[in-house]
Amino acid sequence: MIHNVKAIGQNFKVEGSFHKAEPFGSGHINDTYRAHYSQEDSSHDYLHQRINQNVFKSPEKVMENMEKVTAHIWDKLRGAGEQDPNRRCLRLVPMKNGQLLHKDPDGNYWRTMDCINGVETFDTVQKPEQAYQAARAFGRFQRLLLDFPAEDLHETIPDFHNTRCRFDRFLEVFTADPVGRAEGITKEFEFLKAHEADASRLLDLQALGRLPLRVTHNDTKLNNVLFDGDTGEGICVVDLDTVMPGLSLYDFGDLVRTAATTAAEDEPDLSMVRMDLSLFRELVRGYLDSVGGALEDEEVDNLAFSARLITMEIGLRFLTDFLEGDIYFKIRHKMHNLDRARNQFQLVRSMEAQIKEMEAVVEESRSCVS
Ligand code: GN1
Ligand code: MG
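Read on for an overview of the structure.

What counts as what
Residues numbered from 1 in each chain as written. Chains lettered and ligands numbered in written order. Predicted model: local features only at pLDDT ≥ 70, side-chain atom pairs only at ≥ 80, totals over all residues. Heavy atoms only, no water. Near = heavy atom within 4 Å. Polar contact = N/O pair within 3.5 Å; in protein donor to acceptor, adjacent residues only side chain to side chain. Areas by Shrake-Rupley, 256 points an atom, 1.4 Å probe, with all protein chains shown as cover. Nonpolar A, V, L, I, M, F, W, Y, C, P; charged D, E, K, R; others polar. Domains from an automatic or database assignment. Pairing = 2+ DSSP bridges. Helix = DSSP H or I, 4+ residues; strand = E, 2+ residues; numbered from the N terminus. Core = buried A, V, L, I, M, F, W, Y, C linked by side-chain atoms within 4.5 Å. Buried < 20%, exposed > 50% of the residue type's maximum accessible area, 1.4 Å probe, protein only. Contact = heavy atoms within 4.5 Å. Donors = N, O, S within 2.8 Å, 3.2 Å for Na, K, Ca; no water. 1 Å grid on protein atoms, 1.4 Å probe; cavity = no way out; pocket = protein on both sides within 12 Å on 5 of 7 lines; lining within 4 Å. Points joined across faces, edges and corners; volume = space filled by probe spheres on them. Axes fitted to C-alpha atoms, helices over the stretch in contact; angles between N-to-C directions. Left-handed = near helix turned anticlockwise from the far one by under 90°. Arc of directions from axis to C-beta. Phe/Tyr/Trp six-rings, centres within 6.5 Å; stacked < 30°, edge-to-face > 60°. Lys NZ or Arg CZ within 6 Å of the ring centre and 35° of its normal.

Details of the site of ligand 1
Near ligand 1 there are 17 residues, and of these Asp219, Lys221, Glu265, Arg317 and Tyr328 occur at the shortest range. A distance of 2.8 Å separates an oxygen atom of ligand 1 from a polar atom in the backbone of His28. Alone, ligand 1 offers 440 Å² of accessible surface; in the complex the protein occludes 96% of this. Residues that form the shell around ligand 1 fall into these classes: eight nonpolar, three polar and six charged. The residues that make up the shell around ligand 1 include at least three from each of domain 1 (5–116) and domain 2 (128–366).

Thoughts on the sheet that holds strand β10 (residues 234–237)
Within the open sheet, the three strands sit side by side as β7-β9-β10. Their pairing is antiparallel. Either end of the sheet is taken by a strand with one partner, and the two such strands are β7 (119–120) and β10. Inspection of the sheet shows strand β9 (residues 225–228) paired to β10 by three bridges, in the antiparallel sense. Paired with Leu226 across the strands is Cys236, a residue of β10.

Overview of the nonpolar core
In this structure, Leu192, Leu202, Val256, Met275, Phe280, Leu283 and Met358 are the most contacted members of the largest nonpolar core, which totals 103 residues. Element by element, the count of residues in this core is highest for helix α10 (residues 303–324), at 13 residues. Each of two domains, domain 1 (5–116) and domain 2 (128–366), supplies a minimum of three residues to this core. In contact with Phe280, not counting residues within four places along its chain, are Phe252, Val256, Ala260, Met275, Ala304, Met358, Val361 and Val362. Grouped together as the second largest cluster of nonpolar side chains are twelve residues, Val5, Val14, Tyr37 and Val93 included.

Here's the deal with the coordination of the magnesium ion (ligand 2)
Only Asp219 (OD) and Asp239 (OD) from the protein coordinate the magnesium ion (ligand 2), and they sit 1.9 to 2.0 Å from it. In this pair, Asp219 is assigned in the loop between β8 (214–216) and β9 and Asp239 in the loop between β10 and β11 (244–246), connecting sequence segments 20 residues apart. With a relative accessible area of 19%, Asp219 lands in the buried category. The class for Asp239 is partly exposed, based on a relative accessible area of 24%.

A closer look at empty space enclosed by the protein
Inspection of every chain in the model, using the stated rule, returns one cavity of 30 Å³ or more. Its boundaries defined by the atoms lining it, the largest cavity holds a volume of some 130 Å³. If you go around the largest cavity, you meet 14 residues; those closest to its centre are Ile73, Arg88, Phe141, Leu144 and Val237. Of all the secondary structure elements, the ones that give two or more residues to the lining of the largest cavity are α2 (59–79), α3 (128–144) and β10. Here the element with the most residues in the lining of the largest cavity is α3; it accounts for four residues. Of the residues in the lining of the largest cavity, the class split is eleven nonpolar, one polar and two charged.

Considerations on the packing of helix α7 (residues 248–259) against helix α8 (residues 277–291)
The interhelical angle for the contact between α7 and α8, taken along N-to-C directions, is 145 degrees, at an axis separation of 10 Å. Along this stretch, α7 crosses α8, giving a crossing that reads as right-handed. For the pair α7 and α8, contact is made by Ser248, Phe252, Leu255, Val256 and Ala259 and by Leu279, Phe280, Leu283, Val284 and Tyr287, respectively. Its residues placed into classes, the contact of α7 with α8 shows nine nonpolar, one polar and no charged.

Considering the side chain of Thr32
Mapped onto the fold, Thr32 is located in strand β2 (residues 31–39). Of note is the side chain of Thr32, whose polar atom sits 2.8 Å from the side chain of Gln49. For Thr32, the contacting residues outside a window of four places in its chain are Glu22, Pro23, Phe24, Leu47, His48 and Gln49.

Quick word on helix α5 (residues 186–194)
Because the α-helix completes a turn every 3.6 residues, residues three or four places apart line up on one side. Listing the buried residues of α5 in full gives Glu188, Phe191 and Leu192. Along α5, the residues classed as buried sweep out an arc of 95 degrees about the axis, all on the same side. Opposite the buried face of α5, at more than 90 degrees from it, the exposed residues are Lys187, Glu190 and Ala194. Those residues of α5 that are buried are in contact with α4 (163–176), α10 and α11 (336–353).

Side note on the packing of aromatic side chains
The final tally for this structure, using the stated rule, is 13 aromatic pairs. Seen from their ring centres, Phe252 and Tyr287 are 5.1 Å apart, and the 45 degrees between their planes marks the pair as tilted. Linking Phe252 in helix α7 with Tyr287 in helix α8, this pair joins segments that are 35 residues apart in sequence. Residue class for Phe252 comes out buried when judged on its relative accessible area of 1%. Taking relative accessible area as the criterion, Tyr287 reaches 2% and is therefore assigned buried. Geometry around Phe305 places Arg201 over its ring, the cationic atom sitting 3.8 Å from the centre.

Here it is in structure tokens:
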């Protein structure tokens, strides 16, 4: 453990005394520790998390967004008669001085959250029901935020899902080639150039007023859903760092990218990487069951397309980071970002090969939406 988690925890209003902590989760950006505290006859777990300031330039703004969004969700759950909203909504733990962020002597920013017990997370789907549950959880999250005023949120990472901007950035880095890796990615470059027209499709629809700006999660990976360990229900959506105004389609698409794939995001054996149509069906069903009634026709029309768009976008981001010398995403080996990019492009190809079937699944399911 490279951080003094015990000392960090002491600044927060935690119950009990520190017992132990271990690294937690599989995120590529922040550092998270699960810490165990105990007192006479009870114990309590908390998550202490270091916010990556290379990615989030204003941690205070991230926290303001998170505080507002969680308060809104919590109140709505309570208002709807939910017995235990603390299990269905992340809870921030303030510091002893009432602030939410602790700055450690090295200048790192830390926050603390209550740990929800009796839950599981998954990097890939183990059974179809999980896909349905994950989509329902993100759909519910979207629904609970339908009346949240988007202008109350900071844009913590500007143009986060502006695929056109991401594409331009990639082209710039490819040309500058700061660490001499461009030569090795000719095939990937050609793949992207052949897909360039896709980059602005949703942005153009938005500019024409045909897709609404909503409050969205923007990082709807399968492993950002907590599943109840007993019932398997997707009970809570976590990782609220990038909650910002955005397009619902990027959220749905990112869920397909991570929950309808047959392999982990960094699986180097591309023969293992495929989009599973039956998992896609579960995702469409779960999403439309929970938020379908509130979606515009044009949003539903683009559900299948959104999956291949965001998968290309995330692949493009991994590849850009590879070309920049791995300065953004955490990596475990030298070729990690390139492996991830190739994996994502393979997944795009698999989606393209099944796009008609995906569209048909959406049509089947949309007729069931009330
Ligand atoms: C990052 O750290 P994590 O796993 O929550 C990234 C997402 C990417 C994802 C790819 C702030 O999310 O945008 O989709 O990796 N988060 C940020 O796995 O850039
Ligand atoms: Mg994240």
